[in-house]
Amino acid sequence: MTSTAPRHHPPEDFLLAHAAGQLDAGRRVMIEGHLAFCPSCRESFAQLIAPGRRWLEEQAVVAPKPSLWEEIEARLDRQAEEDPLAGLGAELPLPVAARLEIEAGGRAPRWRPLPLSPARFAVLSTDHRAEAALVIARIPGGRRFPRHLHLGWEDVLVLRGAFRDPAGHFQPGDYQLNAPGTEHEPQVDAGDQCWIVARYEKGIRFRGLRGLIQRLTAR
Amino acid sequence: MAELTPSAPWQPPLLGPQAPASPPPRGGGIVAPVPGRDHPSGAFDGFDDAMLLAAIARRDRDAFRVFYQRHAGRILAALRQLCRDVTLVDDLLQEVFLTVWRKAGGYRPERGDAGGWLFTITRNKVIDARRRGRLPIADDSLADLAATPAPPASRGRELRLSLRQALGTLTVEQRQAVTLTYLGGFTYDETASRLNVPLGTLKSRLRRGIELLRAQLGDAA
C-alpha cells in the first residue's frame, strides 16, 4: 500500500453536493471511498459540514419518548446483519465507509470474467433513476483493461495498484472523472493487481471482437 | 486465490486503533457484551463520541445506549425544526440511530468530529423522507430559519455567533439556498425551481453561503 496522498481529486462540486446530501448512492460510495484516502479532501469536507454540526449542537434538547429507545432496540433484535458483499471475498479493498454506503438489493454481487481479458468485475449496485451502475474490478499487473467507449460519465477510484491512461497516472485514492465520449485503454502498472471501483452512466461499449461479443450477448 | 494476495497486505485507510478489524462490522462473529457484566455502571464515563462509535462498531449495545442518550434530544429538536409531523419525526429519529448502528464502523475521527457525521445522517433521513413523499414539499417548517434572521450580536473576542445569527449575516438568496438544501434536505432541482433560479446560480449561492457561515462561526465551527 502506498502512503502517497492522492493527486487526482473529485470536482469540488461533488464535495459540496455530498455535504448538502445531493449525491446518488453510487457517487456517495465513490466520494466516501476517496475521503478515506485523501486528507486534503477530508479537511475540505469537514469545513463544508461544520455549519451543520453547529446547527445540531445548538439545538435545545427535547426529551424523546422512552418508548423510542425500546423500539430501536426491538428493531435491532429483529434485523439480520448480513454483508451483501461477503461473496466477493474477505480481501475486498473497499474502505469501510464506502462499503457501508452500498445499497444492497437484488442478487448478491459475484465476480464475472470480462470476455477475452484477464480482468474480473462485479456489479455492486445499479441505479435506474440515474441510469448508473457501480462496479468493482480487478486487473492483473502489467495488463490492459480492454479499449472501451463511455456513453455517459464515469467516475473511477483506485483502491489498490495503479494504472495509466491519456489522462494521467492513477494510484490508490486517485479519482478519475471521464466525460461521455471518452475512449481509453487503461494500462495497469507492472506488479500488483489493480483494483478499482467505478460508477458509470448509460453503459460502456467495447471495441473490436469484445464489442462484437458484447453486442451478441446483449441480444 | 493467489492472484488476490498482494505483495503487501492491504490495510483499510484510516483504520484507527479502536476500529474493528476487517471484515467490516456487519455482525457475524462479534460477541456482544453482557450489560452489567462487561460494562459496570459508568463504564463509559469519559468516553468521547469517537470512542463510543468504535464500541458501537463492535456491536456494543451499552455504548449505543449511551450515545443515544447523549444525542437523541438534540437530534429530535433538529428534526422537529425540519418537519411538523410529530409521528414522522419519531420515525426519523429511530432511522437516524439505526443508521448510526449500521455505519458506526465507517466513522473515522480523521474526517471530522462525530457531530458533523451525525448532522449528515440526520439531514439525509429528511431527504429520504422527502423523496419517498413522506414529507410534504410544501412543509413550511423551514420558514422561520430562512426568513427571520436574528441580528448579529456585537461580538467581543469571547463571544461567537450562533448559527442562526450567522445565517442572519447572509444575503436572503444565500440564506434560502443554505436552509432549503443544506439544512432542509430539498434537492437542488426542487430548490432551484422553488426559487426560480438556474441550477448553477443555486450552487454558487450555496457554496458562498457555507463559506461565509464557516468564516462567521470561526475555527470552532
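This section reports on the structure supplied with the text.

Cut-offs used in this document
One numbering rule holds for all chains: residues counted from 1, following each sequence as written. Chains carry letters from A onward and ligands carry numbers from 1 onward, assigned in written order. The predicted origin of the model limits local features to residues at a pLDDT of at least 70 and limits the giving and counting of side-chain atom pairs to 80 or more, whereas totals for whole chains, interfaces and linings rest on all residues. Processing note: side-chain calculations cover all non-hydrogen atoms of the structure and skip hydrogens and water entirely. A helix here means a DSSP run of H or I that spans at least four residues, while a strand means a run of E at least two residues long, and both kinds are numbered starting from the N terminus. Note on contacts: a residue pair qualifies if any of its non-hydrogen atoms lie within 4.5 Å across the two residues. To measure how exposed things are, a 1.4 Å probe is used in the Shrake-Rupley method; for residues, cover is taken only from the protein chains shown. Partly exposed residues are those whose accessible area sits between 20% and 50% of the maximum for their type, while under 20% is buried and over 50% is exposed, using a 1.4 Å probe and protein chains only. Any two strands are treated as partners once DSSP identifies two or more bridges connecting them. To get an axis, a line is fitted to the C-alpha atoms, and for a helix only the part in contact is used. The angle between two axes follows their N-to-C directions and goes from 0 to 180 degrees. Note that the term roughly parallel is reserved for angles under 35 degrees, roughly antiparallel for angles over 145, roughly perpendicular for angles of 65 to 115, and oblique for everything else. Each crossing gets its hand from how the near helix is turned against the far one by less than a right angle, where anticlockwise is left-handed and clockwise is right-handed. Nonpolar residues are Ala, Val, Leu, Ile, Met, Phe, Trp, Tyr, Cys and Pro. Charged residues are Asp, Glu, Lys and Arg, and all others, Gly as well, are polar. Within this document, salt bridges are pairs made up of a side-chain nitrogen of Lys or Arg and a carboxyl oxygen of Asp or Glu, the two lying within 4 Å of each other. Here a Phe, Tyr or Trp ring, Trp counted by its six-membered ring, pairs with any other such ring whose centre lies within 6.5 Å, and the pair is stacked when the planes are under 30 degrees apart, edge-to-face when over 60, and tilted otherwise. Working rule: Lys NZ or Arg CZ, within 6 Å of ring centre, within 35 degrees of ring normal, means a charge sits over the ring.

For the rest of this paragraph, the subject is the overall build of chain A. If you tally the helices and strands in chain A, you get six helices and twelve strands. Here the contacts in chain A between residues at least 6 apart in sequence split such that 68% fall between residues at least 24 apart. For chain A, the computed accessible surface area is about 9,800 Å², with 51% contributed by carbon and sulfur atoms.

Assigned secondary structure in chain B consists of nine helices and zero strands. Along the chain direction, N to C, the helices and strands of chain B fall in the order α-α-α-α-α-α-α-α-α. The buried share among the 221 residues of chain B stands at 51%. At a minimum sequence separation of 6, the contacts of chain B that also span at least 24 residues come to 60%. When the accessible surface of chain B is totalled, it reaches about 10,100 Å², and 52% of it is carbon and sulfur.

Residue and element names in this part refer to chain A. A sheet is described by the order of its strands in space; here six strands give the open sequence E1-E2-E3-E11-E5-E8, paired in antiparallel fashion. This sheet does not close on itself; its edge strands, each paired only once, are strand E1 (112-113) and strand E8 (175-178). Running over the sheet, helix H2 (residues 25-37) touches strand E3 (132-139), strand E5 (154-160), E8 and strand E11 (194-201) and is turned about 40° from E5.

This paragraph deals with unusual backbone geometry. Glycine aside, negative phi is the norm for most residues, and most peptide bonds take the trans geometry. Phi is positive for Glu131 of chain A, which is not a glycine, with a value near 50°. Mapped onto the secondary structure, Glu131 of chain A falls in the loop between strand E2 (120-127) and E3. Residues other than glycine seldom take positive phi values, yet Arg59 of chain B does so here, at roughly 70°. Along the chain, Arg59 of chain B turns up in the loop between helix H1 (49-57) and helix H2 (61-82).

Glancing now at the packing of helix H4 (residues 66-78) of chain A against helix H3 (residues 86-103) of chain B. Two elements in contact, H4 of chain A and H3 of chain B, have axes separated by 10 Å at closest approach and are oriented at 45°. It follows that H4 of chain A is oblique to H3 of chain B by the angle criterion. Relative to H3 of chain B, the crossing made by H4 of chain A is right-handed. Two secondary-structure elements touch here, H4 of chain A through Leu68, Glu71, Ile72, Arg75 and Leu76 of chain A and H3 of chain B through Asp90, Leu93, Gln94, Glu95, Phe97, Leu98 and Trp101 of chain B. Each residue belonging to the contact of H4 of chain A with H3 of chain B can be placed in one class, and the counts come to seven nonpolar, one polar and four charged.

Here the focus is the pairing of E5 of chain A. All names here are of chain A. Across the seven residues of E5, seven count as buried, placing the element largely inside the fold. Taken together, the four bridges between E5 and E8 define a ladder with antiparallel strand orientation. Opposite Val156, over in E8, you have Gln176 as the bridge partner. Taken together, the six bridges between E5 and E11 define a ladder with antiparallel strand orientation. Among the inter-strand pairings, Asp155 is bridged to a residue of E11, identified as Arg199.

Right, let's get into the environment of Gly181 of chain A. Examined against the element boundaries, Gly181 of chain A turns out to sit in the loop between E8 and strand E9 (183-184). Each C-alpha atom of the pair Gly181 of chain A and Ile204 of chain A lies 9.6 Å from the other, and the pair is 23 residues apart in sequence.

Okay, the pattern of salt bridges next. Applying the stated rule across the entire model yields 21 salt bridges over all chains. For Asp155 of chain A, the salt bridge identified is with Arg27 of chain A, shortest N-O distance 2.9 Å. Here the residue Asp155 of chain A occupies a position in strand E5, and Arg27 of chain A occupies one in helix H2, the gap between them amounting to 128 residues. Residue Arg208 of chain B pairs with Glu211 of chain B through a salt bridge whose shortest N-O separation is 3.3 Å. Placement of the pair is Arg208 of chain B and Glu211 of chain B together in helix H9 (residues 199-217), with a separation of three residues, close to one helical turn. For Arg208 of chain B, a relative accessible area of 42% puts it in the partly exposed group. Since its relative accessible area comes to 39%, Glu211 of chain B is described here as partly exposed. Residues joined by salt bridges that share partners form a network here, namely Glu12 and Asp13 of chain A together with Arg207 of chain B.

Okay, the packing of aromatic side chains next. Taken as a whole, this structure holds twelve aromatic pairs over all chains when the rule is applied. Judged by centre distance (5.1 Å) and plane angle (90°), the ring pair of Phe44 of chain B and Phe47 of chain B falls under edge-to-face. Residue class for Phe47 of chain B comes out partly exposed when judged on its relative accessible area of 24%. Measuring from ring centre to ring centre gives 6.4 Å for Phe64 of chain B and Phe97 of chain B, while their planes differ by 55°; the resulting arrangement is tilted. Residue Phe64 of chain B is found in helix H2, and its partner Phe97 of chain B is found in helix H3; the two are separated by 33 residues along the sequence. Classification of Phe64 of chain B as buried rests on a relative accessible area of 0%. Among the aromatic side chains, those forming a connected cluster through ring pairs are Trp69 of chain A together with Phe64, Tyr68, Phe97 and Trp101 of chain B. For Arg130 of chain B, the ring lying beneath its charged end belongs to Phe186 of chain B, and the centroid distance is 3.8 Å.

Without other data, these values stay purely geometric and don't point to any function.
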